[in-house]
Amino acid sequence: MEPPRTGTTPGRGRGVLASVAAATTVVAVIGVTNLLSSSGTGTLITTPEPTPEPVAVRTVGFGHVAITVPKAWGTNASRCGTPHRDTVLIDDPSAASYCDLPRPPDVDSVELVTVPPSGFQRDETITVDGVYAERRKTSCASDDVCWGAVGFPSLHVWFRASSSTSADEVDQILARIQILPDRVGVPSSWSLDEARDGTAYAKLVQELGLRTEILTRTSTVYKPGRVVSVSPRPGTLLSPGQTVTLTVIK
């Protein structure tokens, strides 16, 4: 295991500027207006700055690694693997159909995968809540789409953030990754090989501290033992001991 790099982030300073004159006192405050009457008396009217509405968020993850995104983001809102609006990508079924669609402007996304994403390289090592991770620095392509990634090799989880807004947006997305010891994200069945074997997936879920319930169905398309659905859906955070229901082909 490589030792993490360490660094410091400078904090923001605070400053106060006061100016006192012998005959006149001027107070400059944003949002404050001093209305003087004809008699020379005054009334100080304070207009408070509007408080921005908090952004509703949701958290998704695999195992004990998770990321927080705006609640308004979709899930697998993509065509041929290309997001058409802000979204989380988990087991994206459209990714199997490649059609080289251009990404619309101002669209942000993060993809959760269990193997290093294509093009991933370790540019630096970091720690997230004390856990070793590898970082692929953010870069932008000729189509103005920027991407970067953070991976946890020991936990088999990678987060690939991309944006047609800016490189800073990618970094802000990846900064919201966290380790949650008391929560467990339902893993992806794609973490297995193409067979998506139900027995192997059930073992993976149980090793993470969750229970499993197995349902069966028939199919003329898939081979026996293949996982065809998982509930709750992969990425959902559960408490240890909760149940994941998987449907396999009998």
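Residues numbered from 1 in each chain as written. Predicted model: local features only at pLDDT ≥ 70, side-chain atom pairs only at ≥ 80, totals over all residues. Heavy atoms only, no water.

Participant: Run through the nonpolar core, naming residues and quoting values.
Facilitator: Judged by nonpolar contacts, the single largest core of 23 residues is most densely connected at Ile67, Val88, Val110, Leu112, Phe152, Phe159 and Ile177. Contributing elements (two or more residues each) for this core: β3 (57-62), β4 (65-70), β9 (108-113), β12 (146-152), β13 (157-163), α1 (167-174) and β14 (177-179). Ignoring sequence-local partners within four residues, the contact set of Leu112 consists of Val60, Gly61, Phe62, Ile67, Val88, Leu89, Ile90, Trp158 and Phe159. In this structure, Tyr201, Ala202, Val205 and Val227 belong to the second largest nonpolar core, which totals 12 residues. (Core = buried A, V, L, I, M, F, W, Y, C linked by side-chain atoms within 4.5 Å. Buried < 20%, exposed > 50% of the residue type's maximum accessible area, 1.4 Å probe, protein only. Helix = DSSP H or I, 4+ residues; strand = E, 2+ residues; numbered from the N terminus. Contact = heavy atoms within 4.5 Å.)

Participant: I'd like a rundown of the sheet that holds β9, residues and numbers included.
Facilitator: Paired through backbone hydrogen bonds, the strands of a sheet run either parallel or antiparallel to each other. Strand order across the open sheet formed by seven strands is β5-β8-β9-β13-β12-β11-β10, with mixed pairing between neighbours. If you trace the sheet from one side to the other, it starts and ends with β5 (74-75) and β10 (124-128), each paired once. As defined by bridge partners, strand β11 (residues 131-140) adjoins β12 across five bridges and the pair is classed as antiparallel. By the bridge assignment, Cys140 is partnered in β12 with Cys146. (Pairing = 2+ DSSP bridges.)

Participant: Before we move on, could you go through the state of the cysteines and cite the residues and values that matter?
Facilitator: Enumeration according to the criterion identifies two disulfides in this entry. Cys80 shares a disulfide with Cys99; S-S distance 1.9 Å. As the torsion about the S-S bond is roughly 110°, the Cys80-Cys99 disulfide counts as right-handed. Pair noted here: Cys80 is in the loop between β6 (78-79) and β7 (82-83) and Cys99 is in the loop between β8 (87-89) and β9, with a separation of 19 residues, a long-range link. Disulfide pairing is shown between Cys140 and Cys146; the S-S distance is 2.0 Å. Its torsion about the S-S bond being 95°, the disulfide of Cys140 and Cys146 is classed as right-handed. (Disulfide = S-S within 2.5 Å.)

Participant: Now, about the sheet that holds strand β16 (residues 211-217): what can you tell me, with residues and values included?
Facilitator: Ordered in space as β16-β19-β17, the three strands form an open sheet in which the pairing is mixed. Of all the strands in the sheet, the pair left with one neighbour each is β16 and β17 (227-231). On average, each strand axis in the sheet is inclined to that of its neighbour by 20°, with strand direction left out of account. Where β16 and strand β19 (residues 243-249) come together, seven bridges link them in parallel fashion. Bridge pairing in β19 places Glu213 opposite Thr245. (Axes fitted to C-alpha atoms, helices over the stretch in contact; angles between N-to-C directions.)

Participant: Summarise the pattern of salt bridges; cite the residues concerned and give the values.
Facilitator: According to the stated counting rule, one finds two salt bridges in the structure shown. A salt bridge links Arg122 to Glu134; the nearest nitrogen and oxygen atoms lie 3.6 Å apart. Remark: Glu134 occurs in strand β11 and Arg122 occurs in the loop between β9 and β10; sequence separation between them is 12 residues. Here Arg135 and Asp171 are joined by a salt bridge, their closest N and O atoms 2.8 Å apart. One end of the pair, Arg135, is in strand β11; the other, Asp171, is in helix α1, and 36 residues separate them in sequence. Residue classification places Arg135 among the buried residues on the basis of a relative accessible area of 11%. (Salt bridge = Lys/Arg side-chain N within 4 Å of Asp/Glu carboxyl O.)

Participant: Explain the packing of aromatic side chains residue by residue, including any values.
Facilitator: Scanning the model with the defined rule gives one aromatic pair in all. For the ring pair Phe152 and Phe159, a centre distance of 6.4 Å and an interplane angle of 85° mean the geometry is edge-to-face. No difference in accessibility class separates Phe152 from Phe159, as the two residues are buried. Stacked on the ring of Trp147, the Lys or Arg Arg136 has its end atom at 3.9 Å from the ring centre. Sitting above the plane of the Trp147 ring, Arg160 keeps its charged end 4.1 Å from the centroid. (Phe/Tyr/Trp six-rings, centres within 6.5 Å; stacked < 30°, edge-to-face > 60°. Lys NZ or Arg CZ within 6 Å of the ring centre and 35° of its normal.)

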